[in-house]
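Fold and contact review
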Amino acid sequence: MTKQPFGKTAAGETVDLYTLANSSGVEVSIATYGGTVTSLKTQDRAGRIADVVLGFNDLDGYVKATFYAGALVGRYANRIAKGRFALNGVEYTLAVNNGANSLHGGLKGFDKAVWAARELPGGDPALELTYVSQDGEEGYPGKLTVTVVYTLTRFNELRIDYAAETSKDTVLNLTNHSYFNLAGEGNADAMDHVLRVNADRFTPVDAGLIPTSELRPVEGTPFDFRSPMAIGARIGQADEQLERGCGYDHNFVVNGKMGTLRDAARAVDPKSGRVLEVLTTEPGIQLYAANFLDGTAIGKSGKPYQRRSAFCLETQRFPDSPNHPDFPTSVLRAGQKFASTTVFQFSAA
Ligand code: BGC
């Protein structure tokens, strides 16, 4: 593991960039700003290396960008309707930053925090990041201590272990917001990637992308990715859900038991043969087809990040869970320990 300076925030905090490498040619860089995965290099079927995540060459790029590229997202990833929820009979109000709703933790979410970093001893390179979110920060109750360990394993996995504890009952949803293009970042279109999602159901949304509470079978809809299918094959269909999301921007209900690490999704770039497999202990996974990228952000290799030039697979609690008693709970009680794991495994076929 190597460490280099990555600049200073406007508040004068020092930001570092750690690079983890394994013996089979996978290399990942992580900035302490937002715990952001800034680069992820993997081999194609001919052994050629490409950086498969969107991002920027310097801190300024991340400070200015508004699309959470590669970042750790919290305290509540995804949306909370109208920025309101009740817990233990108390109403909490959050900043509204996405139409009428609160998105990705509010105005200054975990993606904009500088995390404390520590290299963990042992076999595979592992970086531990810690952030303490104060009681009342962005409107959320409880002082929350979050620890995220990124491990690059010898099996070409980027393993992300999340842990948290709170001083008061709170709500919590943590994810990593990497944008993947397995042909290499900067390629203009990622919709030819072939995707499989291990989900029989998804959570349809209203016009503001808030779940309606229904768990709808994917059967017979453009959300059926149980057999591999190009992401773009049905994205333009006349479908109310796709219209509401401007494409895929939906949470899928991962089959199998929440809390057990299980298959969630697999994406293949047919040209390069690069494969990404996603495993998670979380109940949900958001497929976001980068519908709102518009070419204004210029990425690491000088190319504009176009609409749908990447996709995100954000493992998570369901969006707006604090307002849906039937969804798996996102409440973390004082004294409880939160733990979840997501694995991004890379190979070539
Ligand atoms: C959301 C999108 C949003 C994107 C970037 C995704 O997780 O679902 O609606 O545009 O993050 O903020």
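Please refer to the structure placed before this passage.
Residue numbers restart at each chain and count upward from 1, following the sequence in its written direction. Local features are withheld for residues below a pLDDT of 70 in this predicted model, meaning they are given only at 70 or higher, and side-chain atom pairs are given and counted only at 80 or more; totals for whole chains, interfaces and linings count all residues. Water and hydrogen atoms were dropped before computing side-chain values, which therefore reflect all heavy atoms in the structure.

**As for the sheet that holds strand 5 (residues 49-51)**
The pairing criterion is simple: DSSP has to find at least two bridges between the two strands. Helix and strand definitions here come from DSSP, where helices need a minimum of 4 consecutive H or I residues and strands a minimum of 2 consecutive E residues; each element is numbered from the N-terminal end. Spatial strand order, 1-2-3-4-5: five strands in an open sheet with antiparallel pairing. The open sheet is flanked by strand 1 (2-8) and strand 5, the only strands paired with a single partner. When strand polarity is set aside, the average angle formed by the axes of neighbouring strands in this sheet is 20°. Two elements, strand 3 (residues 27-31) and strand 4 (residues 36-43), share five bridges in a ladder whose sense is antiparallel. Bridging across to strand 4, V28 finds its partner in L40. Helix axes are fitted only over the stretch in contact, all axes being lines through C-alpha atoms; the angle between N-to-C directions runs from 0 to 180 degrees.

**Thoughts on empty space enclosed by the protein**
Over the atoms rolls a probe the size of a water molecule, and its path tells where empty space is left. We place a 1 Å grid over just the protein atoms. Points where a 1.4 Å probe fits but has no way out form a cavity, open points with protein on both sides within 12 Å along at least 5 of 7 lines form a pocket, and any residue with an atom within 4 Å of a point lines it. Grid points are joined across faces, edges and corners, and a volume is the space filled by probe spheres set on the points. The full count for this structure, using the stated rule, is one cavity of 30 Å³ or more. Taken as a whole, the largest cavity holds about 130 Å³ of empty space. The classification used treats Ala, Val, Leu, Ile, Met, Phe, Trp, Tyr, Cys and Pro as nonpolar, Asp, Glu, Lys and Arg as charged, and all other residues, Gly among them, as polar. Residues of the lining of the largest cavity, tallied by class, amount to eight nonpolar, two polar and two charged.

**Looking at the site of the ligand**
Each residue is tested against the molecule or strand, and it is near if at least one of its non-hydrogen atoms lies within 4 Å. Taken together, Y68, R79, L103, H104, H177, Y179, D249, Q286, Y288, F292 and E314 are the residues near the ligand. Here a polar contact means two N or O atoms within 3.5 Å. Within protein one must be a hydrogen donor candidate and the other an acceptor candidate, and residues neighboring in sequence count only if both atoms are side-chain atoms. Note that an oxygen atom of the ligand is positioned 2.6 Å from one of the side-chain N or O atoms of R79. Between the ligand and the protein, one listed contact pairs an oxygen atom with a side-chain N or O atom of H104 at 2.9 Å. Here the accessible surface of atoms and residues is derived via Shrake-Rupley with a 1.4 Å probe, and residues count as covered only by protein chains that are part of the display. In isolation the ligand exposes 310 Å². Once the protein is present, 94% of that is buried. Grid points define the cavity or pocket, and a molecule sits in it when more than half of its atoms lie within 2 Å of them. Judged by the proximity of its atoms to the pocket grid, the ligand belongs to the largest pocket. A class-by-class count of the residues in the shell around the ligand yields five nonpolar, three polar and three charged.

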